[in-house]
Amino acid sequence: MLGRDIRKGLIKVGKFLITGGTPLEGEIKVSGAKNAALPIITAALLADSPSRLLDIPNLRDVTNLCDIIEKMGAKVERKGHEVIINPADLNKFEADHELARKLRASYYILGVLLARNGTARTSLPGGCNIGNRPIDLHLKGFKALGAEVRLDHGIVEVKANKLKGERIYLDYPSVGATINIMLAATKAEGKTIIENAAREPEIVDLANYLTVMGAKIKGVGTDIIKIEGIKSLKGAEHRIIPDRIEAGTYMMAAALTRGNVFVKNVLAEHVKPLIAKLHEMGVEIDEQISGVNVKNRGRLKAVDIKTLPYPGFPTDLQSQMMVLLTQADGTSLVIETVWENRFMHVDELKRMGADIKIDGHSALIKPSHLTGAEVTATDLRAGAALILAGLIAQGDTEIRESYHIERGYENIEKKLQGIGARIRKVEE
Ligand code: EPZ
């Protein structure tokens, strides 16, 4: 689908050019979290009055979602990182199919519109190609609340005369399913209890916004979330939390290049598993209120990583960590347990000289010398890993299909230039 958009000229084809070998020094500022902004923008449609959202990152996924809700009748004003959403005139309960397929998070329309109007339709969502991405747990939750669900030729339709609170056990603590059920339950009659819920900070951020809107939610950040449905919600002002994955990527860039960088606007609490691993590897970390300083002057030590739902090591930092491990003394083991197809960066890293062996969901990484090469970003975080690799490779690296990276990192080349990286973007 992206290939078709490129051919139509809807997406500018760009590449990043990087010359490796410079230690990063200085201060870099993290933007608001993409994965909190997307459900929160959608949740603004639950209210009867406007919401003012702050620190919304300027990313293509955000633009696509704003376009989707505008086409449904909501009024959206964007000024820099501020977005004002007025849902009063919402009159369409179906998301534009072409746009909806471009981002995974478009499925939050289902939970929100089910709560607001008792009906919603959207095409099955897209997003990064990192494995089979079912939404069975979302649909199981909607059904438990009393909705009818129909799947037909890639279109999902949900309908309910009345939603009724229920006890819902998730077989897996899915981030998306927890959010979608929470959204639908805000206006259901009675109490909904989500057991084995996901605990990610983005879910807590959404619940904080919903609470200011008037929703009654308890237990977020634990694996049991309780929602007491209410009749109406009002618009509210909310500032999005910092993006912990963007922050983690820059923290690793600092450690990798043997630099000294203050990563500003990150909550250390949200990147605990990464801080623990960087400590083990011999990196100096100084946690401050406004950010985290990362300094590394020596060799890195090998460590093992297993990705897990929060508060475990995040899958969204796995590919970047793998680049760090190519520069560590000793052999490291990485086990990916969240997504089935999240080693796509490995073949590209091998083209740069990495010594990595994959066996199913595990990868064995040995130290290697990386050299610049022409590589392709196959998904968002795989692309971020290639940028990190380019920063330490000998010579020049060219990363094609930069749009994958731009889905999740605002102005990444400018931010990295600000701490001394030799990186530029070329649009074709
Ligand atoms: C969110 O995806 C993030 N995306 C992902 O970030 C992140 O990798 C993931 O959570 C895990 O942290 C957004 O927030 C927009 P899940 P989500 O539902 O909600 C299985 C990035 O790079 N599953 O927790 O789609 C699923 O197949 C992106 O920013 C079911 O089986 O993740 C996967 O194996 C990529 N049935 C696992 O659960 C379902 O109904 C985790 O998925 C739902 C999920």
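Residues numbered from 1 in each chain as written. Predicted model: local features only at pLDDT ≥ 70, side-chain atom pairs only at ≥ 80, totals over all residues. Heavy atoms only, no water.

Notes on the site of the ligand
In plain terms, the rule: By convention in these notes, a residue is near a molecule or strand provided one of its non-hydrogen atoms lies within 4 Å of it. Here a polar contact is taken to be a pair of N or O atoms separated by no more than 3.5 Å, where protein atoms must pair a possible hydrogen donor with a possible acceptor and residues adjacent in sequence count only if both atoms sit in side chains. Each helix is a run of H or I in the DSSP string that is no shorter than four residues. Each strand is a run of E no shorter than two, and both are numbered from the N terminus. Charged residues are taken to be Asp, Glu, Lys and Arg, nonpolar residues to be Ala, Val, Leu, Ile, Met, Phe, Trp, Tyr, Cys and Pro, and polar residues to be all remaining types, Gly included.
Around the ligand there are 23 residues in total, and Asp 136, Leu 137, Ser 174, Asp 316 and Val 338 lie nearest to it. In the environment of the ligand, an oxygen atom lies 3.2 Å from a nitrogen or oxygen atom belonging to the side chain of Lys 34. Asp 316 is positioned such that a nitrogen or oxygen atom in its side chain is 2.6 Å from an oxygen atom of the ligand. Those elements giving two or more residues to the shell around the ligand turn out to be helix 2 (34-43), helix 6 (136-144), helix 7 (175-185) and helix 13 (380-392). A per-class count over the shell around the ligand returns ten nonpolar, six polar and seven charged.

Notes on the sheet that holds strand 15 (residues 284-287)
Basically, it comes down to this: Strands pair, by our definition, only if DSSP identifies at least two bridges between them. Geometry is summarised by axes, namely lines fitted to C-alpha atoms with helices restricted to the contacting stretch, and by angles between N-to-C directions that run from 0 to 180 degrees.
Spatially, the four strands line up as an open sheet ordered 2-14-16-15, and their pairing is mixed. Looking at the sheet topology across the chains shown, the edges are occupied by strand 2 (25-29) and strand 15. Across the sheet, the mean angle from the axis of one strand to that of its neighbour is 15 degrees, orientation sign disregarded. As paired strands, strand 14 (residues 260-264) and strand 16 (residues 291-295) are joined by five bridges and run antiparallel to one another. Bridging across to strand 16, Val 261 finds its partner in Val 294.

Some thoughts on the environment of Arg 239
This is how it is decided: Any two residues whose heavy atoms approach within 4.5 Å are treated as being in contact.
Its place among the elements puts Arg 239 in strand 13 (residues 237-239). Considered as a pair, Arg 239 and Gly 32 are 207 residues apart in the sequence and their alpha carbons are 8.4 Å apart. Apart from residues lying up to four places away in sequence, Arg 239 is in contact with Leu 54, Asp 55 and Asp 205. A polar contact of 3.4 Å, which involves the side chain of Arg 239, links it to the side chain of Asp 55.

So, the confidence of the model for the chain
Counted only if it meets this: Scored from 0 to 100, pLDDT records how confident the predictor is in each individual residue.
Looking at the chain as a whole, its pLDDT mean stands at 94, while 95% of the residues score no less than 70. Contacts from residues 6-10, a stretch scored under 50 in pLDDT, to residues over four places away or in other chains number five contacts.

Focus: the packing of helix 2 against helix 5 (residues 108-117)
Put simply, the test is: Relative orientations are named as follows: roughly parallel for angles under 35 degrees, roughly antiparallel for angles over 145 degrees, roughly perpendicular for angles from 65 to 115 degrees, and oblique for any other angle. The crossing is said to be left-handed when, going from far helix to near helix, the turn is anticlockwise and less than a right angle, and right-handed when the turn is clockwise.
Axis separation between helix 2 and helix 5 bottoms out at 9 Å; the angle between their running directions is 25 degrees. With respect to helix 5, the axis of helix 2 lies roughly parallel. Along this stretch, helix 2 crosses helix 5, giving a crossing that reads as right-handed. Residues Leu 38, Pro 39, Thr 42 and Ala 43 of helix 2 lie in contact with helix 5, whose contacting residues are Tyr 108, Ile 109 and Val 112.

Describing helix 8 (residues 201-213)
We count it as follows: Helix span is expected to be 1.5 Å times the residue number reduced by one. Relative accessibility decides the category of a residue: with a 1.4 Å probe and only protein chains considered, values under 20% of the type maximum give buried, values over 50% give exposed, and everything between is partly exposed.
Helix length check: helix 8 (13 residues) gives 19 Å between terminal C-alpha atoms against 18 Å at 1.5 Å per residue, within 8%. Taken together, the buried positions of helix 8 are occupied by Pro 201, Glu 202, Ile 203, Asp 205, Leu 206, Ala 207, Tyr 209, Leu 210 and Met 213. Following helix 8 by one or two positions, Gly 214 has its phi on the positive side, about 115 degrees.

As for the packing of aromatic side chains
We count it as follows: Two rings belonging to Phe, Tyr or Trp (six-membered ring only in the last case) form a pair when the distance between their centres is within 6.5 Å. Interplanar angles under 30 degrees mark stacking, angles over 60 mark edge-to-face geometry, and anything in between is tilted.
In total, this model carries one aromatic pair according to the counting rule given. For the ring pair Tyr 107 and Tyr 108, a centre distance of 5.0 Å and an interplane angle of 70 degrees mean the geometry is edge-to-face. In this structure Tyr 107 comes out as buried when scored by relative accessible area, which is 6%.

Concerning the domain arrangement of the chain
As a reminder, the rule being used: For every domain, the bounds stem from an assignment made automatically or drawn from a database. Buried area, as used here, totals the accessible surface that two parts lose on assembly, with accessibility defined by a 1.4 Å probe and the loss added over both. We define a salt bridge as a contact between a side-chain nitrogen of Lys or Arg and a carboxyl oxygen of Asp or Glu at a distance within 4 Å.
What the domain assignment lists for the chain is domain 1 (6-31 + 242-427) and domain 2 (34-239). For domain 1 and domain 2, the distance between their C-alpha centres works out to 30 Å. Contacts between domain 1 and domain 2 engage 25 residues on the former and 22 residues on the latter. Between domain 1 and domain 2 the total buried area reaches about 2200 Å² when both faces are included, carbon and sulfur atoms providing 51% of it. By the criterion of area lost to domain 2, the three top residues of domain 1 are Trp 339, Arg 407 and Glu 410, representing 32% of everything that side buries. For Asp 61, the salt bridge goes to Arg 407, with nearest N and O atoms at 3.0 Å.

Quick look at the pairing of strand 20 (residues 332-335)
Residue alternation in strand 20 divides its side chains into a buried set, Ser 332 and Val 334, and an unburied set, Leu 333 and Ile 335. In this sheet, strand 20 lies alongside strand 18 (residues 305-306) in parallel orientation, the contact comprising two bridges. Paired with Lys 306 across the strands is Ile 335, a residue of strand 20. Relative to strand 22 (residues 362-366), strand 20 is paired through four bridges, and the arrangement is antiparallel. Residue pairing across strands places Leu 333 opposite Leu 364, the latter belonging to strand 22.

Section: the packing of helix 11 (residues 318-325) against helix 12 (residues 344-351)
Helix packing for two helices is described by the angle between their axes and how far apart those axes are. Direction vectors running N to C along helix 11 and helix 12 enclose 30 degrees, while the axes themselves pass 10 Å from each other. Between helix 11 and helix 12, the crossing angle belongs to the class labelled roughly parallel. Taken as a pair, helix 11 and helix 12 cross one another with a handedness that is right-handed. Two secondary-structure elements touch here, helix 11 through Gln 318, Ser 319, Met 322 and Val 323 and helix 12 through His 345, Val 346 and Leu 349. In terms of residue class, the contact of helix 11 with helix 12 is built from four nonpolar, three polar and no charged.

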